[in-house]
Amino acid sequence: MYEILLESSDKDIRMATGENIALIFETAHVFTATDEDEEEYDEDETVKPEYENMNELVRTLKDLSVESNKRKTKSDRAEQKSMFRDILKSVEENVRPEEELKIGSRIIVFRGWSKILVLNAIRRTLGHGLQHHLKTNSLLKQIFNYSTGISSQQDDEDESEEEEGEVLSNVDRRYFYDETKKIRSKQLRLARLGKENALV
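In this text, all values refer to a predicted model and were calculated from it rather than measured experimentally.

Let us look at the overall build of the protein. Counting its secondary structure elements, the protein contains 10 helices and two strands. Going residue by residue from the N terminus, the α and β elements of the protein occur as α-α-α-α-β-β-α-α-α-α-α-α. Here the analysis covers contacts within the protein between residues at least 6 apart in sequence; of these, 52% occur between residues at least 24 apart. Accessible surface for the protein amounts to roughly 13,400 Å². Of this, 49% is attributable to carbon and sulfur atoms.

Here six bridges tie strand β1 (residues 98-103) to strand β2 (residues 106-111), and the two strands are oriented antiparallel to one another. Each residue of the ladder has a partner; that of E100, found in β2, is V109. Where β1 hands over to β2, the hairpin turn is made up of two residues, of which G104 adopts a positive phi near 65°.

This part takes up helix α4 (residues 74-93). Along its 20 residues, α4 runs 28 Å from first to last C-alpha, staying within 8% of the 28 Å computed at 1.5 Å per residue. Every buried residue of α4 is listed here: R77, Q80, M83, F84, I87, L88, S90 and V91. Each buried residue of α4 sits inside an arc of 155° when the element is viewed along its axis, so together they form one side. Of the exposed residues in α4, the ones pointing more than 90 degrees away from its buried face are K74 and E93. N94, located one to two residues past α4, shows a positive phi value of around 60°.

What follows concerns the packing of helix α3 (residues 54-66) against α4. It is at 7 Å that the axes of α3 and α4 come closest, and there the two elements cross at 150°. Considered as vectors, α3 and α4 are oriented roughly antiparallel to each other. When the axes of α3 and α4 are compared, the crossing they make is left-handed. Along the contact surface, α3 presents M54, V58, L61, K62, L64, S65 and V66, while α4 presents Q80, K81, F84, R85, I87, L88, V91 and E92. Counted by class, the contact of α3 with α4 contains nine nonpolar, two polar and four charged residues.

Here the focus is the environment of P97. With respect to the helices, strands and loops of the structure, P97 is situated in the loop between α4 and β1. Overall, the relative accessible area of 10% leaves P97 in the buried class. Beyond its immediate stretch of four places on either side in the chain, P97 contacts D86, S90, F110, R111, G112, W113 and I116.

In a regular helix each residue adds 1.5 Å, so 13 residues correspond to 18 Å; α3 covers 19 Å between its end C-alpha atoms and thus fits that length. Buried within α3 we find M54, L57, V58, T60, L61, L64 and S65. For α3, the angular spread of buried residues about the axis comes to 160°, placing them on one side. Opposite its buried face, α3 presents the exposed residues N55 and V66, each directed more than 90 degrees away.

All right, on to the nonpolar core then. Residues L6, L61, F84, I87 and V91 are the most contacted members of the largest nonpolar core, which totals 17 residues. Elements represented by at least two residues in this core include exactly α2 (11-31), α3, α4 and α5 (113-126). The contacts of F84, once residues within four sequence positions are left out, are L6, R14, M15, G18, L61, L64 and S65. Core analysis: the next-biggest nonpolar cluster, separate from the first, contains 12 residues, L101, L119, L140 and Y146 among them.

Time to look at a nonpolar patch on the surface. Together, V118, L139 and I143 make up an exposed nonpolar region whose accessible area comes to about 240 Å². Locating L139 in the fold gives a position in helix α7 (residues 138-144).

The next subject is unusual backbone geometry. Phi at N94 is positive, roughly 60°, even though this residue is not glycine. Structurally, N94 can be placed in the loop between α4 and β1. N94 sits in the buried class, given a relative accessible area of 13%. Of note in the backbone geometry, N145 takes a positive phi value of approximately 60° without being a glycine. Summarising the element assignment, N145 is placed in the loop between α7 and α8 (152-157). Owing to a relative accessible area of 68%, N145 belongs among the exposed residues under this scheme.

About the criteria used
- Residues numbered from 1 in each chain as written.
- Predicted model: local features only at pLDDT ≥ 70, side-chain atom pairs only at ≥ 80, totals over all residues.
- Heavy atoms only, no water.
- Helix = DSSP H or I, 4+ residues; strand = E, 2+ residues; numbered from the N terminus.
- Contact = heavy atoms within 4.5 Å.
- Areas by Shrake-Rupley, 256 points an atom, 1.4 Å probe, with all protein chains shown as cover.
- Pairing = 2+ DSSP bridges.
- Expected span 1.5 Å × (residues − 1).
- Buried < 20%, exposed > 50% of the residue type's maximum accessible area, 1.4 Å probe, protein only.
- Arc of directions from axis to C-beta.
- Axes fitted to C-alpha atoms, helices over the stretch in contact; angles between N-to-C directions.
- Parallel < 35°, antiparallel > 145°, perpendicular 65-115°, else oblique.
- Left-handed = near helix turned anticlockwise from the far one by under 90°.
- Nonpolar A, V, L, I, M, F, W, Y, C, P; charged D, E, K, R; others polar.
- Core = buried A, V, L, I, M, F, W, Y, C linked by side-chain atoms within 4.5 Å.
- Patch = residues over 30% accessible without salt bridge, like charges linked within 9 Å, V, L, I, M, F, W, Y side chains within 5 Å.
- Salt bridge = Lys/Arg side-chain N within 4 Å of Asp/Glu carboxyl O.

Have a look at this one:
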């Protein structure tokens, strides 16, 4: 089933499938720990989750992590290869990805697919407001279990300074660049179609 979806011609389907696989394996690793005593839980002593067609799955993930199909854009190839390298490590070696974000004067580490996938969903929703919400939104602090030491009142007082001096992470900059590029490409495509229709 997963192998079929991973071979889809749609990049979004391939990547969403890969993310689901990574999350499933990450969760399975937790529940297949050989040590039943939670206090002595050791990630290095986990049993690999069983999967009926493991060899084929790993082969497909490896292919996607090094794919160089010229029919795909350079940015799409880079995004896919980077993500599937992380997915492959999670499936084969139980290595969880990490992402660091600087929030105020602190660096918050998001570790594991369960955290990073939620972070990406919130990033897509909030856009440029991500940093502000990570600093002051109590719900996000509860979801990710972190503290910045910054209250909403403090943030409101310094809002103008933050807007000028706020620095986006490399991941955020890449995301916003890709989204802007997609919007621009769509606008150009629609403009060309409009001209063609006008000539008919």
